[in-house]
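Summary of structural features
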Amino acid sequence: MGDGSMGMFLNSIVPFESYKDIARTRFFVDKTPMIDEILSSVILDGQKYLCFTRPRRFGKSVMANMIGAFFERSVEGKDVFGSLKIADSDNYQNHLNRHDIIYIDFSRMPRNCNSYEYYISRIQDGINKDLQEAFPELSLSDEWAVWDNLQFIFEKLKARFIFVIDEWDAIFHKDFITEAHRKKYTEFLRNLLKEQGYVEFVYMTGVLPIAKYSDGSELNMFQEYSIATRVKFCEYFGFLDSEVDDLYGRYLKTVRNPQISRDDLRSWYDGYYTKGGERVYNPRSVICALTDNELANYWTSSGTYDSVFSYIKDNISKVQDDITVLYAGGRVPSDIQEYAASSMRLETKDEIYSSMVVYGLLTYKDGAVSIPNRELMDSFSVMMKRERSLGYIYNLANASRKMLSATLSGDTETMADILKLAHDTESPVLSYNSEIELAAVVNLVYLAARDRYRVEREDKAGEGYVDFIFYPERRSEDGIILELKVDDTAEHAIRQIKERNYALRFTGKLGEKPKYTGRILAVGISYSRKTKEHFCKVEVLSPVDNNP
């Protein structure tokens, strides 16, 4: 065994220090039971090659740090893990800080790196240096391959190592990497890990599925666990409803003047389905929102792989109508497979949607994809208003500013003209044949309203109509209640809004300040299949209250 000395890769202190810092934060979530499940897979089932693929921002590095911090022998972890759930396990005393760990974060680059050889040499040379320092009594050579030095150590001392590999696929996103380099890289991993006696087990994370890049039997020793295709380990990546309940309780106790409701967290950051059917929240976004005391789109684009448009730009005609259905809250049938999108050569709709699920831009359940939550809706909205090549979607999205202005001013003629523009497109989605198509029309022509309103669709039984309520972000702005009817009148739509007392949604409880102080507008929109005409009516249900 090694002497516990620390290196840059061997028994590095970084995973422990990183996890210790996170474990002390206000919104930390204890996922340590995963350690028990991993040990069960390794010891009882003999499965020692585990790869966990998840979208970015789903806690992969946090969990990798947890594994390194728990097993690594060069640190003393009782102060961190003694109060966590794993401390109740029999595995706690048997395995806490009793192993040699080789921790590789493949997203870390050498200075001024512009070649694969330079990139991989940093890792090989670094591990060799650590091994020579940890085993000075052995005649290890920095001219040998890493696996040769490790094999020599194993033969002399029977020493085994746990490999923790974070962001295994980071290299595939670099401009200087070619197909030949990808082949070399997977061969490097095979030589380092496959059927090596010195491997105790391998814990590996990434975004892309291994199968996309493993040619033949190169890396087929790994069991892959993705959010969409495997049930096991699903609860350890992303936050469960019960965990967010606990976080929200801490938020209410520690934040002065809380600005976020529990329902807000659900609508903004929930909605990712696991293979087991559970819904999980984007963990990074939840923690950012609670820490900042502010709802926002924390899915900030930091590169091509966060951009919705990058997946559809070469096949817009194939997915154009689907985008309108998805944005209206609908689901699109798809045969999801574990495609990867690093080449960005996506030809079929299934390839496009599979890649978007891999990267977390869509979620998948029961044979169909959908947009998981409002945070991702915002990302789609930005694309729809920016990309001219989207055709009618772009045109209607940009006409939506004019539509909102016309609605607030009661300009029903302009409203009808814009709706006619929408209906005159060649898209079958805008033909008013179903509830979801009605919703698609409203979503497109009022897209700009989402910058100033929380737009909610009402779930109502019945055919031929759809209701929307626009809750203003600012208390002083006007609220909007909208009903769209087919082969009926706009006046009937207004009357129905009044009969359902939707205006009560904008008022506070008796004796409280009103939630909103602007006007409440009832908007009725009708369409005649026979005459192909739209009629609009706007009526003020309550005036501005100047004394809130």
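See above for the structure.
So, here is what we can say about the structure in this document.

So, how was this worked out
Residues numbered from 1 in each chain as written. Predicted model: local features only at pLDDT ≥ 70, side-chain atom pairs only at ≥ 80, totals over all residues. Heavy atoms only, no water. Patch = residues over 30% accessible without salt bridge, like charges linked within 9 Å, V, L, I, M, F, W, Y side chains within 5 Å. Areas by Shrake-Rupley, 256 points an atom, 1.4 Å probe, with all protein chains shown as cover. Salt bridge = Lys/Arg side-chain N within 4 Å of Asp/Glu carboxyl O. Helix = DSSP H or I, 4+ residues; strand = E, 2+ residues; numbered from the N terminus. Buried < 20%, exposed > 50% of the residue type's maximum accessible area, 1.4 Å probe, protein only. Pairing = 2+ DSSP bridges. Axes fitted to C-alpha atoms, helices over the stretch in contact; angles between N-to-C directions. Disulfide = S-S within 2.5 Å. Core = buried A, V, L, I, M, F, W, Y, C linked by side-chain atoms within 4.5 Å. Contact = heavy atoms within 4.5 Å. Parallel < 35°, antiparallel > 145°, perpendicular 65-115°, else oblique. Nonpolar A, V, L, I, M, F, W, Y, C, P; charged D, E, K, R; others polar. Right-handed = clockwise from strand over helix to strand, strands pointing away. Polar contact = N/O pair within 3.5 Å; in protein donor to acceptor, adjacent residues only side chain to side chain. Expected span 1.5 Å × (residues − 1). Phe/Tyr/Trp six-rings, centres within 6.5 Å; stacked < 30°, edge-to-face > 60°.

Brief notes about a nonpolar patch on the surface
A cluster of nonpolar side chains, namely Met6, Ile13 and Val14, defines an oily patch on the protein surface of about 260 Å² accessible area. Inspection of the secondary structure assignment puts methionine 6 in the segment before α1 (14-23). Since its relative accessible area comes to 45%, methionine 6 is described here as partly exposed.

Regarding unusual backbone geometry
Located in the positive-phi region is lysine 158, a residue other than glycine, with phi close to 55 degrees. By relative accessible area, which is 64% here, lysine 158 ends up exposed. The phi dihedral of asparagine 257 falls on the positive side, at around 60 degrees, and the residue is not glycine.

A short note on the sheet that holds strand β2 (residues 100-105)
Ordered in space as β2-β3-β4-β1-β5, the 5 strands form an open sheet in which the pairing is parallel. For this open sheet the edge positions go to β2 and β5 (223-226), each flanked by a neighbour on one side alone. Taking each pair of neighbouring strands and ignoring which way they run, the sheet shows an average axis angle of 15 degrees. Direction of pairing for strand β3 (residues 161-166) relative to strand β4 (residues 199-206): parallel, over a ladder of 5 bridges. Opposite phenylalanine 163, over in β4, you have valine 202 as the bridge partner.

Comments concerning the state of the cysteines
Under the definition given, this model contains 0 disulfides. In this model cysteine 51 remains outside any disulfide bridge; the closest cysteine sulfur is found in cysteine 234, 14 Å from its own. Overall, cysteine 234 belongs to the buried group, its relative accessible area being 3%.

Some words on the pattern of salt bridges
With the rule as written, the count across this model stands at 26 salt bridges. As a salt-bridge pair, aspartate 263 and arginine 266 come within 3.1 Å of each other at their nearest N and O atoms. Residue aspartate 263 and its partner arginine 266 are located together in helix α10 (residues 262-269), separated by 3 residues, close to a single helical turn. For aspartate 263, a relative accessible area of 53% gives the class exposed. For arginine 266, a relative accessible area of 28% puts it in the partly exposed group. Lysine 485 serves as the salt-bridge partner of glutamate 483, at 3.1 Å between the closest nitrogen and oxygen.

Structural notes on the nonpolar core
Membership of the largest hydrophobic core comes to 126 residues, with the highest contact counts inside it found for Phe161, Met384 and Tyr446. Here this core gets 10 residues from one element, more than from any other, and that element is helix α16 (residues 392-409). Among all residues touching tyrosine 446, those that are not within four sequence positions of it are Ser400, Met403, Leu404, Thr407, Met415, Phe470, Leu482, Val523 and Ile525. Among the nonpolar cores identified, the runner-up in size contains 34 residues, and Met63, Phe71, Ile162 and Tyr236 belong to it.

Considering the packing of α10 against helix α15 (residues 374-386)
Packing of α10 against α15 brings their axes to within 5 Å, and their N-to-C directions diverge by 45 degrees. The orientation of α10 relative to α15 falls into the category oblique. Touching Ser267, Trp268 and Tyr269 of α10 are Arg374, Glu375 and Asp378, all from α15. Within the contact of α10 with α15, the residues separate by chemical class into 2 nonpolar, 1 polar and 3 charged.

Concerning helix α14 (residues 349-358)
Burial within α14 is extensive, with 8 of its 10 residues counted as buried. Of the residues making up α14, those classed as buried are Glu351, Ile352, Tyr353, Ser354, Ser355, Met356, Val357 and Val358. Where α14 is buried, its residues touch α12 (309-312), α13 (316-327), β8 (332-333), β9 (363-365), β10 (368-370) and α15.

With respect to the pairing of β4
Across the 8 residues that make up β4, a large majority, 7, are buried. Once you follow β3 into helix α8 (residues 179-193) and on to β4, the crossover reads as right-handed.

Re the side chain of glutamine 320
Secondary-structure assignment places glutamine 320 in helix α13. Looking at glutamine 320, its side chain comes within polar contact range of the main-chain oxygen of leucine 390, at 2.5 Å. Apart from the residues within four sequence positions on either side, glutamine 320 is in contact with Leu390, Gly391, Tyr392 and Ile393.

Remarks on helix α6 (residues 116-134)
The periodicity of an α-helix, 3.6 residues per turn, causes residues three or four positions apart to be oriented the same way. For α6, which comprises 19 residues, the first-to-last C-alpha distance of 27 Å matches the rise-based estimate of 27 Å (1.5 Å per residue) to within 8%. In this fold, the buried residues of α6 make contact with β2, α7 (146-157), β3 and α8.

Some details on the packing of aromatic side chains
Under the counting rule described, the total for this entry stands at 32 aromatic pairs. Measuring from centroid to centroid gives 5.5 Å for tyrosine 19 and phenylalanine 81, while their planes differ by 15 degrees, and the two rings are stacked. Residue tyrosine 19 is located in helix α1, and its partner phenylalanine 81 is located in helix α4 (residues 78-81); the two are separated by 62 residues in the primary sequence. Taking 5.6 Å as the distance between ring centres and 70 degrees as the angle between the ring planes, the aromatic pair formed by tyrosine 49 and phenylalanine 222 counts as edge-to-face. Note that tyrosine 49 is positioned in strand β1 (residues 49-53) and phenylalanine 222 in the loop between β4 and β5, a separation of 173 residues in sequence. You'll find tyrosine 49 and phenylalanine 222 in the same group, each marked buried.

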